[in-house]
Structure formats: C-alpha cells, structure tokens
Amino acid sequence: MSPQPLRLLLLTALLLSLAACGKKAEPPPAPPPPEVGVIVAKAGAVPLTRELVGRLAATRTAEVRARVPGIVERRLYIEGSDVKAGQPLFEIDPAPLRAALNAREAALGQARANATNADAKAKRYQDLAARGVIARQDLDDAVATQRTSAAGVRQAQADLEAARLSLGYAAVTAPIAGRAGRALVTEGALVGQGEVTPLTVVEQIDPIYVDFSQSAAEVSDLRRAQADGKLKLAAADQIEVQLFLPDGSAYGQSGTLSFSDLAVDPATGAMSLRATFPNADRTLLPGMFVKLRLTQGELEKAFLVPQKSIQRDPKGAFLLVVGADGKVQSKHVELGELRGSDWVVKSGLADGDQVIVSGLQKAQPDKPAKAVPQEQLDKAPAAAPAAAPKA
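A.B. asks: How do you make sense of the pattern of salt bridges when you look at a structure like this?
C.D. replies: Side-chain pairs of opposite charge can arise whenever the charged atoms involved come near each other. In this structure the tally under the stated criterion is 13 salt bridges. Measuring nitrogen to oxygen at the nearest pair gives 3.5 Å for the salt bridge that ties Arg50 to Glu337. Of this pair, Arg50 sits in strand E2 (residues 44-66) while Glu337 sits in strand E18 (residues 334-339); the two residues are 287 residues apart in sequence, bridging distant segments of the chain. Glu337 carries the same exposure label as Arg50, and that label is buried.

A.B. asks: Can you walk me through the nonpolar core in this structure?
C.D. replies: Across soluble globular proteins, nonpolar side chains show a tendency to be buried alongside one another. Leu89, Phe90, Ile92, Val191, Leu199 and Val202 are the most contacted members of the largest nonpolar core, which totals 21 residues. Sequence-distant contacts of Val191, that is, excluding residues within four places in its chain, are made with Ala66, Val68, Pro69, Gly70, Val72, Ile92, Val185, Thr197 and Leu199.

A.B. asks: Please clarify how the environment of Lys327 should be interpreted in this entry.
C.D. replies: Here Lys327 is to be found in the loop between strand E16 (316-322) and strand E17 (328-332). Overall, Lys327 belongs to the partly exposed group, its relative accessible area being 38%. When the C-alpha positions of Lys327 and Pro368 are compared, they lie 4.0 Å apart, and in sequence the two are 41 residues distant.

A.B. asks: Before we go on, may I ask you to explain the pairing of E2 in this structure?
C.D. replies: If a strand is regular, its side chains alternate between the two faces of the sheet. Bridging between E2 and strand E14 (residues 289-306) involves eleven bridges; their strand directions are antiparallel. Bridging from a neighbouring strand, Val46 pairs with Leu299 of E14. As defined by bridge partners, E2 adjoins strand E9 (residues 197-215) across twelve bridges and the pair is classed as antiparallel. Residue Arg55 lies in a different strand from E9, and its bridge partner there is Asp211.

A.B. asks: What is the right way to look at unusual backbone geometry in this model?
C.D. replies: Leaving glycine out, the prevailing phi sign among residues is negative, and the prevailing peptide bond configuration is trans. Residue Pro207 is bonded to the preceding Asp206 through a cis peptide linkage, with omega at 0 degrees. Within the fold, Pro207 resides in strand E9. Unusually for a residue other than glycine, Arg282 sits at a positive phi of about 60 degrees. For Asp366, which is not a glycine, the phi torsion comes out positive at approximately 70 degrees. One can find Asp366 in the loop between strand E20 (354-358) and strand E21 (370-373). For Asp366, a relative accessible area of 60% puts it in the exposed group.

A.B. asks: When you look at helix H2 (residues 95-130) in this model, what are you seeing that I'm missing?
C.D. replies: Spanning 36 residues, H2 covers 53 Å between terminal C-alpha atoms, matching the ideal 52 Å at 1.5 Å per step. Within H2 the residues assigned to the buried category are Leu97, Leu101, Leu108, Ala111, Ala115, Ala118 and Ala122. Tucked into the core, H2 has its buried residues touching helix H3 (136-168). Just past H2, the residue Gly132 takes up positive phi, approximately 75 degrees.

A.B. asks: Explain the packing of aromatic side chains here, please?
C.D. replies: Tallying each qualifying case throughout the model produces two aromatic pairs. Relative to Phe90, the ring of Tyr77 has its centre 5.6 Å away and its plane inclined at 70 degrees; by these criteria the two rings are edge-to-face. With Tyr77 in the loop between strand E3 (70-75) and strand E4 (82-83) and Phe90 in strand E5 (residues 88-92), the pair connects residues that are 13 residues apart, well separated along the chain. Given a relative accessible area of 4%, Tyr77 falls into the buried group. A relative accessible area of 1% places Phe90 in the buried class. Ring geometry for Tyr251 and Phe277: centres 6.2 Å apart, planes at 75 degrees, overall edge-to-face. Residue Tyr251 is located in the loop between strand E11 (240-244) and strand E12 (255-260), and its partner Phe277 is located in strand E13 (residues 270-277); the two are separated by 26 residues in the primary sequence. Sitting above the plane of the Tyr77 ring, Arg75 keeps its charged end 5.8 Å from the centroid. Across from the ring centre of Tyr209, 4.2 Å away, lies the NZ or CZ of Arg274, which sits over that ring.

Reading the values: the criteria
- Residues numbered from 1 in each chain as written.
- Predicted model: local features only at pLDDT ≥ 70, side-chain atom pairs only at ≥ 80, totals over all residues.
- Heavy atoms only, no water.
- Salt bridge = Lys/Arg side-chain N within 4 Å of Asp/Glu carboxyl O.
- Helix = DSSP H or I, 4+ residues; strand = E, 2+ residues; numbered from the N terminus.
- Buried < 20%, exposed > 50% of the residue type's maximum accessible area, 1.4 Å probe, protein only.
- Core = buried A, V, L, I, M, F, W, Y, C linked by side-chain atoms within 4.5 Å.
- Contact = heavy atoms within 4.5 Å.
- Pairing = 2+ DSSP bridges.
- Expected span 1.5 Å × (residues − 1).
- Phe/Tyr/Trp six-rings, centres within 6.5 Å; stacked < 30°, edge-to-face > 60°.
- Lys NZ or Arg CZ within 6 Å of the ring centre and 35° of its normal.

What follows is the structure in structure tokens.
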C-alpha cells in the first residue's frame, strides 16, 4: 500500500477516537422499585379473648359415711357407676339394730301400761279426795306419778323413733345423684364404731366446673381500656368460655362464667374464676387440666394483620407500609393477642394503610416500592401452570 492512502486511514481513525472521547458517558438507567405484596388495613370490632389454664372439678361432692355402728354385709353398687339420690350403696348388718328396735317397742308398751295405771289411780284418788276419804298429799303423789308416766311414754316413743332411724341407716344410700367412686371399705369391715366412717365418695359431674385464675393486673387493664372507650366488656353472665381437651381438641359445647372472686390472692396476684360446662356424656372428669378461651368483650377499633408482617426492634413491634407517595414507611404498633396466624393490632395503624406482608427483605424505609395486592400475587402462581400447555 502506498504511503498516501495509509496516512489517510490513520487520520480517519484518529478523528473518530477524538470524537468518541469528546462525548460524556451516560449513566445506566435506574432499577425499577421492588415489588411488594400488601394488604389494606381495615379497622373493625375484634372479639377480645384470653387463653388460660384451668382444672376440672365436680359441681357437688358428697362423702358417703356410715351413720350407725355395725358390720358391712354387702356393697350394692358398681364402683365408678352413676347412681341416683337415695340409691342404696352399702348394707350394714341390721340384726343388732332390729333387736334394739324390738326392745324400744317393748319399752314403749311398758311405759304406756304404767301411764294407764297411773291415770286410773289419779282419777280414783280425785274421787276419794272429793269425799274427804284420803289426804291431800296422797292425791298430789298420784297426780305426779300420772305426769311422770306420761313423760315416760313420750320418752319411750322418742327412743323407738331413734331406733327406727338407726335401722333405716343400715341401708347406706347416696345423698346426691352422681358418679360413685371406689369403695373405701370391704364386706366384713366394722364401721361407725366411735366415729363416722367414710365408705365412698359420690361426685356430680354434669354439669362440671372449671376452676382457673386471671391476673389482677390484666383485669385492671381491661377495665381501664373500657373506661377509655377502647373496649366493650361483656357482662359476667354473657362471657363465652370455650374449652380445649388435653389432646388439643375443642370441647363440643361452650360454657358460662359462673363465679368471680372479689378478692385477689396475695400469694399469686390473681383472681379466682369458675366456669360451668354441660357434661352429659361424662367426657370431662374431675382433676383434668384443660385450656380455656374466654371471650370477655370486643375491641371497638382494632386491626388483624398476618403474623409474618410483624417485625421487632429495640423499640418494640413495627410494620412496614407503602405510603401515598409510594415510599416505604415504618410504623410502630401496639399488639394485642395472637389469633391463629394473625396479630391483633390495637393502635399504630390507620384505615387504608397498605401493610407489606411479602417482599419484606426488599423493602427499605424511605425508599420507593411498588405495592401489589397480596391476593393478586397469590393467584399468579396458580394461573401460570394453566398457560403452560399452550407452549
């Protein structure tokens, strides 16, 4: 190649490089704001519930005792079975008691005979005294004997009634209807000798009680919230109580609050409470520990937000929301109870706030974010497989 065309080529290349150096480098385009899933906060009345632990107890408990001394001849019930009030449970040997009754009947007959003789004698002495045949002292003695005999008859009648009662107590009956426990004595045992001997226990378990306690400080907070107008408490007889069995399953029937102590236990700082539950099928047994859920009222204005949207820092719980300007904001909130997968938010949120529930790792306070309804994001994966067959 001749020198002239070569110089021309070099000069052209030099001019092109100078033109390129003269242009400013343009910055890369800014990335789009991250996409986050949001729900719109809506205030509403939220039932106020509390979960507590309680213990089941019989509504009535009666100790069956021997009321007369004697030897137990038979047990008349099946241990652990339901019995009716007045149903015989044990039989004490009635022979000595029947003999005592016969003796009392004989004593009453003798007392009545003595009273009849004393009456006749008193009447006869009254006639003789009217004619002046006997001394006044003899008449007074006859009348006194008449009165003593009449008192003896009444005493014999009382002794006979007591003997009849004792003979009736030979059949030991259930004082209340309920479930009879194990027998505390066996046949041949001597009972009631010098003291009242317990034979078994009968417990009424339909309905059944659940005894539990609630912190006095928590009760004070509830009343304070009610005074501030944030909470509407239910009346004691309208508080709904749900029960959960030891295996975690819910009991099929709800109960009612039937007792609330007026004093606080100084040892525990709690108030004693009691709920009553129907127990027709005898599923609930005294002594069992169970969980309770009390619906004590409702919060007038509260929010339900997914548990995953709550974050924490040294100041407490907070949420991330997308503001009207499209930027992420941090809001500290006051939490209530955890209900299933949702937290109850008492304060800190406002109606219409767009709460971020997904894409939290991409959201930064004071930075822009694209708010997309979480329902729309949840439906997107389901729609993708439907379009796949067309490919």
